[in-house]
Amino acid sequence: MAGRLYQFYRAVTASLTEADRQYVEMYLPAEAQKLFWNMSTADQYHALHVAYTALEFAKSEKCDSDLLRRSALLHDVGRVNGSMNVWEKSIAVIVAGCFPDFARRQAGKNNGWLSGLLHVYFSHPQIGEKMLREIGMDKEADIISRHHDRNLSERSIELKILQLADSEN
């Protein structure tokens, strides 16, 4: 619970530095930058910290650090700005955590405010995958589409690190 409260605090106080902006511009191609900047500030902040954490974890692993960095920065692009604000994401987290079966059923409907929030909450990896495939970032799309799947028998080292870094942030 304390971890979730800290995440909420970070989301409502999120802001990016000039160094953060330069990092995004340095490591993402122009089309991917458009997707990144279309996320909410809270999601941008989260993605940057996932990327920073992932690269720290990757120091002791043999992996494609550039692919990992891009995937981390883009892992939540399926949650575009306006699809879910901090308060709405909090509601989705609470509903999904307390009533998982109800939440999944509602997400499948995607026909009202709550079901729409839950749809984005559960489906943003697939939404992001589609967006990335449209700009030719297929390797990143493969990773991002599965970043919430914990029961995969076969995961690349980049996906494993991304999942760990995401859970830490």
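Above this note sits the structure.
Described below are features of the structure shown in this document. Note that residues are indexed from 1 along each chain, following the sequence as it is written. Owing to the predicted nature of the model, reporting of local features is limited to residues with pLDDT of at least 70; listing and counting of side-chain atom pairs is limited to 80 or more, with chain, interface and lining totals taken over all residues. Only heavy atoms go into the side-chain values, all of them from the structure, while hydrogens and water stay out.

### Some words on the overall build of the protein chain
Okay, step 1: Helical segments are the DSSP runs of H or I of at least four residues, strand segments are the runs of E of at least two, and each set is numbered from the N terminus. Helix and strand counts for the protein chain stand at 10 helices and zero strands.
Okay, step 2: C-alpha atoms of the protein chain, sized along the principal axes, occupy 40 × 35 × 35 Å.
Okay, step 3: Counting only residues that meet the buried cut, the protein chain has 45% of its 169 residues in that class.
Okay, step 4: Put simply, of all contacts in the protein chain between residues at least 6 apart along the chain, 64% involve residues at least 24 apart.
Okay, step 5: Working convention for charge: Lys and Arg count positive, Asp and Glu count negative, and His plus the chain ends are omitted. Note that the charge is assigned to NZ on lysines, CZ on arginines, CG on aspartates and CD on glutamates. Seen as two clouds, the 20 positive and the 22 negative side-chain charges of the protein chain have centres 4 Å apart. A 1.4 Å probe rolled over the protein chains alone gives each residue an accessible area, and that area as a share of the maximum for its type sets the label: buried under 20%, exposed over 50%, partly exposed in between. Here, two residues are considered to be in contact whenever any of their heavy atoms come within 4.5 Å of each other.

### Observations concerning the packing of helix α6 (residues 86-98) against helix α7 (residues 100-109)
Okay, step 1: One can describe the packing of α6 onto α7 by two numbers: an axis separation of 5 Å at closest approach and a directional angle of 125°. The pairing of α6 with α7 is recorded here as oblique in orientation. Residue-level inspection shows Val 95, Ala 96, Gly 97 and Cys 98 of α6 in contact with α7, the latter providing Pro 100, Phe 102 and Ala 103.
Okay, step 2: Gly is put with the polar residues, along with every residue not named as nonpolar or charged; the nonpolar set is Ala, Val, Leu, Ile, Met, Phe, Trp, Tyr, Cys and Pro, and the charged set is Asp, Glu, Lys and Arg. Across the contact of α6 with α7, the residue classes break down as six nonpolar, one polar and no charged. For helices, the fitted line uses only the C-alpha atoms of the stretch in contact; every axis is such a line through C-alpha atoms, and the angle between N-to-C directions lies from 0 to 180 degrees. Note that the term roughly parallel is reserved for angles under 35 degrees, roughly antiparallel for angles over 145, roughly perpendicular for angles of 65 to 115, and oblique for everything else.

### Points about the side chain of Ser 71
Okay, step 1: Looking at where Ser 71 falls in the secondary structure, it is placed in helix α5 (residues 65-74).
Okay, step 2: At 2.9 Å, the side chain of Ser 71 and the backbone oxygen of Leu 67 are in polar contact.
Okay, step 3: With near-sequence residues (within four places) excluded, Ser 71 lies in contact with Glu 140, Ile 143, Ile 144 and Leu 162. In protein, a polar contact means a hydrogen-donor-capable atom and an acceptor-capable atom, both N or O and within 3.5 Å, with residues adjacent in sequence counting only if both atoms are side-chain atoms; elsewhere, any N or O pair within 3.5 Å suffices.

### Concerning the side chain of Asn 169
Okay, step 1: Within the secondary structure layout, Asn 169 lies in the segment after α10 (157-168).
Okay, step 2: A polar side-chain atom of Asn 169 sits 2.8 Å from the main-chain carbonyl oxygen of Ala 165.

### Some points on the nonpolar core
Across soluble globular proteins, nonpolar side chains have a tendency to be buried as a group.
Okay, step 1: By nonpolar core we mean a set of buried residues, namely Ala, Val, Leu, Ile, Met, Phe, Trp, Tyr and Cys, connected to one another through side-chain atoms within 4.5 Å. By size, the foremost hydrophobic cluster in this structure holds 31 residues, and its most contacted members are Phe 36, Leu 74 and Leu 132.
Okay, step 2: Elements represented by at least two residues in this core include exactly α2 (18-27), α3 (30-37), α4 (41-58), α5, α8 (113-134), α9 (138-144) and α10.
Okay, step 3: Looking at which element gives the most residues to this core, the answer is α4, with seven residues.
Okay, step 4: When sequence neighbours within four positions are dropped, the list of residues in contact with Phe 36 reads Leu 16, Val 24, Leu 28, Gln 44, Ala 47, Leu 48, Leu 73, Leu 74 and Val 77.

### Let's talk about unusual backbone geometry
Okay, step 1: In this structure, Asn 110 takes a positive phi of about 45° despite not being glycine.
Okay, step 2: Mapping Asn 110 onto the fold places it in the loop between α7 and α8.
Okay, step 3: With relative accessibility at 39%, the residue Asn 110 sits in the partly exposed group.

### A look at the pattern of salt bridges
Okay, step 1: One speaks of a salt bridge when a side-chain nitrogen belonging to Lys or Arg is within 4 Å of a carboxyl oxygen belonging to Asp or Glu. Applying the stated criterion across every chain, the model contains 10 salt bridges.
Okay, step 2: The partner of Lys 59 in a salt bridge is Glu 56, and the shortest N-O contact between them spans 3.0 Å.
Okay, step 3: For Glu 56, a relative accessible area of 47% corresponds to the partly exposed category.
Okay, step 4: Put simply, Asp 138 and Arg 133 hold a salt bridge, and the shortest N to O gap is 3.4 Å.
Okay, step 5: Taking relative accessible area as the criterion, Asp 138 reaches 38% and is therefore assigned partly exposed.
Okay, step 6: Among the ionic contacts, a cluster of salt bridges with common partners joins Glu 129, Arg 133, Asp 138 and Asp 142.

### A closer look at the environment of Leu 118
Okay, step 1: Mapped onto the fold, Leu 118 is located in helix α8.
Okay, step 2: Leu 118 sits in the buried class, given a relative accessible area of 0%.
Okay, step 3: Leaving out residues up to four positions away in the same chain, Leu 118 has contacts with Ala 92, Val 95, Ala 103, Gln 106 and Ala 107.

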